[in-house]
Amino acid sequence: MIRQFRFIIEDIVNNKAEFIINTIQLMVGLFIFCYVTGTLLDLNIIKNKINNITENTGVYMLWDNTPPKEFDDIINSEDKLPLIKQLYEYIEDVASDSMYIADSSRNFYFDDNFRLPKGVRSDKDNGHQADMLLVTPNFFSLFDIQKFFGENETEYDEAVPTIMGSKFRKVFDVGDIYYDSDGKEYIVKDFLDSNTYYVAPDESKDLINLDKFILMPISIDDDSDAIDYTATISECNFMADSDNIINAIIDKSNELGLYDFSSRNFTEQLDIIVTDTKDEIFVNATFMFIILIFACIGIIANAIQFISNYSREFAIHMLCGARSRDIIFRVFFQIIIMMLISLFAVCIVEGLSMAYLLTIVFAVMLSVVILIYPFHIIKRNSTNMLIKRGVD
């Protein structure tokens, strides 16, 4: 067996250019397969969530058409703040059961002494800020995220409870305390599962990945200013079978002399998100199929060439007692090594997940397909035939 592995290593070294090219092709193909599979699994989850949300209701949102000058006057006027609070309280009264908030308009700024690694920080940042999502408690049940902030999740005296995206596992542990740039204290209550998504049709036509987000409860209290109230009101989403509630809120805003709101129905936009994601999956799947076809052709051709080049050596081994399965073993293990290197690379980037497990199953099936023809050639040829091919 040790001698067999020595032969395999020599075979790889002697054909290293082909080995590297085939490994890279396989790696790219398996990367795309894992990504497509993961997206497809996530799409099914999101599709079910959207169907649950929109089965008997529509999703409505306030759309602010207030001219910039009037808007500035509203948020900067001390006389308007009590009216804004009154509007917010009215929204809570009439729509508490049908409203949820997911506000990603602001970033979280860490203490100046704290620096996030590149894989976690906000894409536009130097390490001191991260993406933040302010949510109401029903956000988690709506998107079937099995997490919660804890008891009294919107009222706290000390550390603010937060749930971190999966990327933050490399930085924090559950129970860790951290601080923002103002010295306010926060505590890590839990982490989201990898590749947790939600949809925000007013922000993006794509699924939004929460791996790099910090989630914390919406905090509106007596110390909140007009900007806090306005941002929160603007991010309200309403689930209802008609636009009666949101029209009542619009009328209330007009009555108080505040914002020029209109309503938008995003139910149709949610369906567009699903359709666009399906199109993306189809394009990536086509690209993956082409790459894997070329990779398989290349590996099979190299295996046939390898058998042809080493026919004389194989024949001598068989005359000395080796069997055809020993020859197949040499070809088989080269392909297995390529697969293992590719799968290891995919695991480093994608992590352990259902998509990765399916990628392993696919890689095993692909290895079997690749080996069929070389196996047939070796089994078909006798020792004399191998000697003759080696001499030719």
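Residues numbered from 1 in each chain as written. Predicted model: local features only at pLDDT ≥ 70, side-chain atom pairs only at ≥ 80, totals over all residues. Heavy atoms only, no water.

S.K.: Go over a nonpolar patch on the surface, please, and point to the residues and values.
M.R.: A cluster of nonpolar side chains, namely Phe 289, Ile 290, Ile 293, Phe 294 and Ile 297, defines an oily patch on the protein surface of about 510 Å² accessible area. As for its placement among the helices and strands, Ile 293 is situated in helix α8 (residues 267–309). (Patch = residues over 30% accessible without salt bridge, like charges linked within 9 Å, V, L, I, M, F, W, Y side chains within 5 Å. Areas by Shrake-Rupley, 256 points an atom, 1.4 Å probe, with all protein chains shown as cover. Salt bridge = Lys/Arg side-chain N within 4 Å of Asp/Glu carboxyl O. Helix = DSSP H or I, 4+ residues; strand = E, 2+ residues; numbered from the N terminus.)

S.K.: Please provide a residue-by-residue account of the pattern of salt bridges, values included.
M.R.: Scanning the model with the defined rule gives four salt bridges in all. Between Asp 228 and Arg 106 there is a salt bridge; the shortest N-O distance is 3.6 Å. Of this pair, Asp 228 sits in helix α6 (residues 226–234) while Arg 106 sits in the loop between β2 (99–103) and β3 (107–109), and the two are 122 residues apart along the sequence. Residue classification places Arg 106 among the partly exposed residues on the basis of a relative accessible area of 29%. The partner of Glu 255 in a salt bridge is Lys 252, with the nearest N and O atoms 3.5 Å apart. Of this pair, Glu 255 and Lys 252 both sit in helix α7 (residues 244–255), three residues apart, roughly one helical turn. For Lys 252, a relative accessible area of 14% translates into the label buried. Look at the salt bridges and you will find they share partners, linking Asp 103, Arg 106 and Asp 228 into a network. (Buried < 20%, exposed > 50% of the residue type's maximum accessible area, 1.4 Å probe, protein only.)

S.K.: Just give me the short version of helix α4 (residues 81–95), but keep the residues and values in it.
M.R.: If you check α4, its first and last C-alpha atoms are 21 Å apart, about what 15 residues at 1.5 Å a residue would give, namely 21 Å. Every buried residue belonging to α4 is among Ile 84, Leu 87, Tyr 88, Ile 91 and Ala 95, and all of these are buried. One side of α4 holds all its buried residues, which, seen down the axis, span an arc of 95°. Check the buried side of α4 and you find it contacts α3 (68–76), β2, α6, β11 (236–240), α7 and β12 (261–265). (Expected span 1.5 Å × (residues − 1). Arc of directions from axis to C-beta. Contact = heavy atoms within 4.5 Å.)

S.K.: Help me get a handle on the packing of aromatic side chains, residues and values and all.
M.R.: Taken as a whole and assessed by the stated rule, the structure comprises 12 aromatic pairs. Both rings, one in Phe 108 and one in Tyr 186, keep their centres 4.9 Å apart while their planes meet at 85°; by these two values the pair is edge-to-face. A residue pair is termed long-range when its members are at least 10 positions apart, and Phe 108 in strand β3 and Tyr 186 in strand β7 (residues 185–191) qualify at 78 residues. Taken as a pair, Phe 108 and Tyr 186 share a single burial class, namely buried. An aromatic cluster of three or more residues is present, and its members are Phe 108, Phe 110, Phe 168, Phe 172, Tyr 178 and Tyr 186. (Phe/Tyr/Trp six-rings, centres within 6.5 Å; stacked < 30°, edge-to-face > 60°.)

S.K.: So what's going on with the side chain of Asn 237? Which residues, and what values?
M.R.: As for its placement among the helices and strands, Asn 237 is situated in strand β11. A distance of 3.1 Å separates the side chain of Asn 237 from the backbone oxygen of Glu 235, its partner in a polar contact. The contact partners of Asn 237, leaving out residues within four places of it in the chain, are Tyr 60, Met 61, Ser 98, Met 99, Tyr 100, Ile 101 and Ala 102. (Polar contact = N/O pair within 3.5 Å; in protein donor to acceptor, adjacent residues only side chain to side chain.)

S.K.: Explain the nonpolar core residue by residue, including any values.
M.R.: Leu 87, Phe 168, Tyr 178, Ile 214 and Phe 238 are the most contacted members of the largest nonpolar core, which totals 41 residues. No other element matches α4, which puts five residues into this core. By size, the runner-up hydrophobic cluster in this structure holds 25 residues, among which are Phe 19, Ile 32, Ile 299 and Met 339. (Core = buried A, V, L, I, M, F, W, Y, C linked by side-chain atoms within 4.5 Å.)

S.K.: So what about the packing of α4 against α6? Which residues, and what values?
M.R.: To characterise two packed helices, one gives the angle between the axes of the helices and the distance between these axes. It is the contact of α4 with α6, at a shortest axis distance of 10 Å, that shows an interaxial angle of 30°. For the element pair α4 / α6, the angle class is roughly parallel. Crossing handedness for the pair α4 and α6: left-handed. Where α4 abuts α6, its residues Leu 81, Ile 84, Lys 85, Leu 87, Tyr 88 and Ile 91 lie against Ala 226, Tyr 229, Thr 230, Thr 232 and Ile 233. Considered class by class, the residues forming the contact of α4 with α6 number eight nonpolar, two polar and one charged. (Axes fitted to C-alpha atoms, helices over the stretch in contact; angles between N-to-C directions. Parallel < 35°, antiparallel > 145°, perpendicular 65-115°, else oblique. Left-handed = near helix turned anticlockwise from the far one by under 90°. Nonpolar A, V, L, I, M, F, W, Y, C, P; charged D, E, K, R; others polar.)

S.K.: If you had to explain the environment of Ser 77 to someone new, which residues and values would you point to?
M.R.: When you line up the elements, Ser 77 lands in the loop between α3 and α4. The class for Ser 77 is partly exposed, based on a relative accessible area of 23%. In this structure, the C-alpha to C-alpha distance between Ser 77 and Ala 226, residues 149 residues apart in sequence, is 8.6 Å.

S.K.: Provide a residue-level description of the pairing of β11, including the pertinent values.
M.R.: Here β11 lies mainly inside the structure; five of its five residues are buried. Taken together, the four bridges between strand β1 (residues 58–64) and β11 define a ladder with antiparallel strand orientation. Following the sheet pairing, Val 59 is matched in β11 by Met 239. As defined by bridge partners, β2 adjoins β11 across three bridges and the pair is classed as antiparallel. Across the sheet, Tyr 100 pairs through a bridge with Asn 237, a residue of β11. (Pairing = 2+ DSSP bridges.)

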